[in-house]
Amino acid sequence: MASGEEHAMLSRVLDSSRWFARLKICEREQVLSSASIRRIFRGECLFSRGAFPEYWWGVAAGLLQMSSTTTNGQRIAFLGLPEGDWFGEGSILRGEPLRYDVMALRDSCLVRIPAADFNWLHERSISFTHYLIQQLNNRLSQFIASQAVQRGSSIERRVAQAIAALLHEKEYGTGLSLLDVSQEEIALLAGVSRQRCSQALRHLREIKLIETEYQRITVLDLHALRRYPET
């Protein structure tokens, strides 16, 4: 990618990020000068558990999955990382190796900010630190929900939570939420077979929580979907 095109993409992605808008002009200029673009293809592993965190990552386009593998080879799906999501801050703040794998579920484009610049922002920007506290709280809630769903939950609940997790930054409300995501990707995020995922999606359609079309899901009631099966 030409440097001009890369700069334009970086500017677009950063300008749409809530944390970037809170920075001072000199801080924005520093981030923009050090950030870069990384492309990753479907099925490719961005990094594996045990790697040292060199960057803070943002999803400019695409969809990735955060997961881990047990000692007996079983893969445990944690979270989906959709467009607009940022991740990796916990490991940088702790100064420890990463505790999870990240793999692309489709061809994706990422923005990477060097760990040194991330720490620089954390040390000098109160607004950025406030954002990180909120981000870490949200991520903790996601992990707790993910672990609860993994333990004996129905397939329908696992699929419902996998869809809702892709909208974790959206506030509760009555508006429709559109997700450009395939049935295969939802199955991978939920850790279920494609056939069982199809059955679960059919059930969620029947109770008017979602609508589906080719590679798109419309969430009709995000609040109810997050609370399923209590609704």
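Refer to the preceding data block for the structure.
Residues numbered from 1 in each chain as written. Predicted model: local features only at pLDDT ≥ 70, side-chain atom pairs only at ≥ 80, totals over all residues. Heavy atoms only, no water.

Caption draft 1: Highlighting the overall build of the chain. In terms of helices and strands, the chain carries 10 helices and 11 strands. In terms of overall dimensions, the chain is globule-like: its C-alpha atoms have a radius of gyration of 18 Å, near the 17 Å expected for 231 residues. In terms of overall dimensions, the chain has a C-alpha envelope of 50 × 45 × 35 Å along the principal axes. Each of the 231 residues in the chain was classed as buried or not, and the buried ones make up 46%. Restricting to contacts in the chain with at least 6 residues of sequence separation, those with at least 24 account for 72%. As presented, the chain carries roughly 11900 Å² of accessible surface, and 49% of it is formed by carbon and sulfur atoms. Of the side-chain charges in the chain, 28 are positive and 26 negative, and the distance between the mean point of each set is 5 Å. (Helix = DSSP H or I, 4+ residues; strand = E, 2+ residues; numbered from the N terminus. Rg over C-alpha atoms; globule rule 2.2 N^0.38 Å. Buried < 20%, exposed > 50% of the residue type's maximum accessible area, 1.4 Å probe, protein only. Contact = heavy atoms within 4.5 Å. Areas by Shrake-Rupley, 256 points an atom, 1.4 Å probe, with all protein chains shown as cover. Lys, Arg positive; Asp, Glu negative; His and termini not counted. Charge placed at Lys NZ, Arg CZ, Asp CG, Glu CD.)

Caption draft 2: Here's a closer look at the sheet that holds strand β10 (residues 210-213). Strand order in the open sheet formed by three strands is β9-β11-β10, with antiparallel pairing between adjacent strands. Looking at which strands have only one partner, the edges of the open sheet turn out to be β9 (177-179) and β10. Within this sheet the neighbouring strands show an average axis-to-axis angle of 15°, counted without direction. Examined bridge by bridge, β9 and strand β11 (residues 216-219) share three bridges and lie antiparallel to one another. Bridge pairing links Leu-179 to Ile-217 in β11. The strands that helix α9 (residues 194-206) touches are β10 and β11; relative to β10, the one it contacts most, it runs at about 130°. (Pairing = 2+ DSSP bridges. Axes fitted to C-alpha atoms, helices over the stretch in contact; angles between N-to-C directions.)

Caption draft 3: Fine view of the side chain of Asp-117. Structurally, the position occupied by Asp-117 is in helix α5 (residues 115-124). Within the buried set, Asp-117 has no salt-bridge partner at all; the shortest N-O distance to an opposite charge, 10 Å, is to Arg-124. Contact partners of Asp-117, with chain neighbours within four places excluded, come to Gln-30 and Ser-34. (Salt bridge = Lys/Arg side-chain N within 4 Å of Asp/Glu carboxyl O.)

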